Amino acid sequence: MRLDLDIIEINDISFGERNDIVDGMLIIDRQGLLDYIADPSFEKLDVELAKPGDSVRIIPVKDVIEPRIKADGKTSFPGIIGEYDGCGEGVTKVLRGCSVVSTGTIVGFQEGIIDMSGPGADYCRYSKLNNIVLVIEAKEGLWPAEHEAAVREAGLKAAHYIAKAALDKEPDRRETYELERPAEDLPKVGIMYMIMAQGLLHDNYLYGTDAKRLHTTLLHPNEVFDGALVNGCCVVAGDKLTTYDHQNNTLVEEMYKRHGKELDFRGLIVVPTYPGLADKKRCCAAAVRLAELMGLDGVAIPEEGGGNPEADLMMICRGCENKGIRTVMMLGPDGVEEPITDTTPEADAIINLGDCNAFITLPPMDRVIGDAAQVRYMSGGSDESLHDDGSVHVTLSIIMGSVIGQGTHRLSSYVY
């Protein structure tokens, strides 16, 4: 499978009479976009723009999505928008440097903040993007699961609608992803790609299918780049993988860079993370069997969320190590402020991604998109978080992507 990503760099965004891209400027037909994503579940619907360096706070954030579309203009997220054929191969147009962000009335308490400037922006990769922000207020009495679905689908539709502007544009560059077998014998490695399947607004979607309906499966990494996996979670914002993070998975990108040079990258084992023990055993045992079948020498296991999924981490680690497959885990809790909820003696290689419980004071912003008062209901915030001057005192867990398992943030280790 060969996937060509035709990258069009977006340096600025504005509203205009029609969707277009001119000299790196993304122009958005505001009314056309609102009409395209309208939903009877919404009481109010608006769209605002937030650019890097702006004195803007976006709160509460549900998801972040990069606009991408297949070159034929029909598919962006197979199984949701478009068909399944061709996912992970062919040509996909990518609007790099911008994203669709969904906010508005809170869906679940585990949502987050994006600050476009100030100290909070240092911890958040989305602060560097030109963001098209959907402000969605749901109708009174809507069930949380219905609310989540409506907001999720609106974000994906918006990304598809905006990406159409790229169809007749020449790319600034092309990125090609293809897993050719190395000529020499190199360590065979894979990624255990854990996806939330826990219900209560803690679910991801693979080809449009709720992860709660899935068994462990094998994916080509190109499928993730090409929209096969989307976020449906309201897990803690600091370690949640947004749809943008799936589309731009930096761990997968790093494996590709080293493929054929230092290692033989064999692909992704997608492991649904269920809440119940029987389902955990079923999926984790299958993950180990797939790793054996693929002939892997080692696997990386990044975590999404925390607490319950750590049982899956340790099951996979123990099973792989006992089969002679080396493991390394990537997770956020540092074992001091928030201990890991499960462990096993075989877990002897762990990359610590930082302390999501560290406190930070975010200064007041000139503009708030969404509702700043909802910080008191969110993980990482409290009734005392919002100060009279508009500043907020919160933990890093409330900042979108501050300690995610891919390691795409500023937190790092120093060797003395």
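Rules and cut-offs
Residues numbered from 1 in each chain as written. Predicted model: local features only at pLDDT ≥ 70, side-chain atom pairs only at ≥ 80, totals over all residues. Heavy atoms only, no water. Salt bridge = Lys/Arg side-chain N within 4 Å of Asp/Glu carboxyl O. Helix = DSSP H or I, 4+ residues; strand = E, 2+ residues; numbered from the N terminus. Buried < 20%, exposed > 50% of the residue type's maximum accessible area, 1.4 Å probe, protein only. Axes fitted to C-alpha atoms, helices over the stretch in contact; angles between N-to-C directions. Parallel < 35°, antiparallel > 145°, perpendicular 65-115°, else oblique. Left-handed = near helix turned anticlockwise from the far one by under 90°. Contact = heavy atoms within 4.5 Å. Nonpolar A, V, L, I, M, F, W, Y, C, P; charged D, E, K, R; others polar. Phe/Tyr/Trp six-rings, centres within 6.5 Å; stacked < 30°, edge-to-face > 60°. Lys NZ or Arg CZ within 6 Å of the ring centre and 35° of its normal. Core = buried A, V, L, I, M, F, W, Y, C linked by side-chain atoms within 4.5 Å. Polar contact = N/O pair within 3.5 Å; in protein donor to acceptor, adjacent residues only side chain to side chain.

Q: Any chance you could break down the pattern of salt bridges for me, citing the residues and the numbers?
A: Taken as a whole, this structure holds 31 salt bridges when the rule is applied. Linking Arg173 and Glu9 is a salt bridge whose minimum nitrogen-to-oxygen distance equals 2.3 Å. Of this pair, Arg173 sits in strand β13 (residues 173-178) while Glu9 sits in strand β1 (residues 2-9); the two residues are 164 residues apart in sequence, bridging distant segments of the chain. Residue classification places Arg173 among the partly exposed residues on the basis of a relative accessible area of 34%. We note a salt bridge from Glu175 to Arg96, for which the minimum N-O separation is 3.6 Å. With Glu175 in strand β13 and Arg96 in strand β9 (residues 90-96), this pair connects stretches of sequence that are 79 residues apart. Just as Glu175 is buried, Arg96 falls in that class too.

Q: I'd love a proper account of the packing of helix α1 (residues 30-37) against helix α2 (residues 144-163), names of residues and values included.
A: The geometry of α1 relative to α2 is characterised by a closest axis approach of 9 Å and an angle of 140 degrees between their N-to-C directions. The angle between α1 and α2 falls in the class oblique. Read as a crossing pair, α1 and α2 show a hand that is right-handed. When α1 is examined against α2, the residues Gly32, Leu33, Tyr36 and Ile37 are found in contact with a partner set consisting of Ala154, Lys157, Ala158, His160, Tyr161 and Ile162. Split by residue class, the contact of α1 with α2 holds seven nonpolar, two polar and one charged.

Q: Give me the lowdown on the packing of aromatic side chains, citing residues and values where you can.
A: In this structure the tally under the stated criterion is seven aromatic pairs. Aromatic side chains Tyr36 and Tyr161 sit 5.1 Å apart centroid to centroid with 35 degrees between the ring planes, which places their arrangement in the tilted category. Of this pair, Tyr36 sits in helix α1 while Tyr161 is found in helix α2, placing the two residues 125 residues apart along the sequence. Tyr36 sits in the partly exposed class, given a relative accessible area of 30%. Pairing Phe225 with Tyr256 gives two aromatic rings, centres 6.3 Å apart and planes at 25 degrees, and the pair type is stacked. Here Phe225, found in helix α3 (residues 221-225), pairs with Tyr256, found in helix α5 (residues 250-258); they are 31 residues apart in sequence, far enough to count as distant. Across the pair, Tyr256 and Phe225 agree in class, each one buried. By the ring-pair criterion, three or more aromatic residues cluster together here, those being Tyr177, Phe225, Tyr256 and Phe265. Here Arg30 stacks its cationic end above the ring of Phe15, 5.9 Å away from the centre of that ring. Above the face of the Tyr36 ring, Lys157 is positioned so that its terminal group lies 5.5 Å from the ring centre.

Q: How would you sum up the nonpolar core? Please name residues and give values.
A: Counting residues in hydrophobic clusters, the biggest one holds 58 residues, and the most contacted among them are Met192 and Ile269. In terms of residues, this core owes the most to one element, strand β14 (residues 188-199), which gives seven residues. Counting residues in each nonpolar core, the second largest holds 36 residues, with Ile21, Leu26, Leu134 and Leu201 among its members.

Q: Give me the lowdown on the side chain of Asn131, citing residues and values where you can.
A: Tracing the chain through its elements places Asn131 in strand β12 (residues 130-138). What makes Asn131 buried here is its relative accessible area of 0%. Of the polar contacts made by the side chain of Asn131, one reaches the backbone oxygen of Tyr126; its length is 3.1 Å. Filtering out sequence-adjacent residues up to four positions away, Asn131 remains in contact with Ile13, Glu48, Leu49, Ala50, Ile58, Ser99, Val101, Met116 and Tyr126.

Q: Would you mind going over α1 in detail, with residue names and values included?
A: Looking only at α1, the buried set comprises Gly32, Leu33, Leu34 and Ile37. Considering only its buried residues, α1 is in contact with β4 (25-29), β5 (42-50), β12 and α2.

Q: Give a description of unusual backbone geometry that names residues and reports values.
A: The omega torsion across Ile59 and Pro60 is -5 degrees, close enough to zero to call that bond cis. One can find Pro60 in strand β6 (residues 56-61). Residues other than glycine seldom take positive phi values, yet Leu201 does so here, at roughly 70 degrees. Inspection of the secondary structure puts Leu201 in the loop between β14 and β15 (202-206). The exposure class assigned to Leu201 is buried, which follows from its relative accessible area of 16%.

Q: With reference to specific residues and values, describe the environment of Asn248.
A: Examined against the element boundaries, Asn248 turns out to sit in the loop between α4 (243-247) and α5. Exposure remark for Asn248: the relative accessible area of 4% places this residue in the buried category. Taking the C-alpha atoms as reference points, Asn248 and Ile65, 183 residues apart in sequence, are found 9.9 Å from one another. Leaving out residues up to four positions away in the same chain, Asn248 has contacts with Glu66, Arg68, Arg96, Arg125, Glu253 and Gln406. Here the side chain of Asn248 touches Glu66 through a polar contact of 3.2 Å, side chain to side chain. In this structure the side chain of Asn248 is engaged in a polar contact, spanning 3.5 Å, whose partner is the side chain of Arg96.

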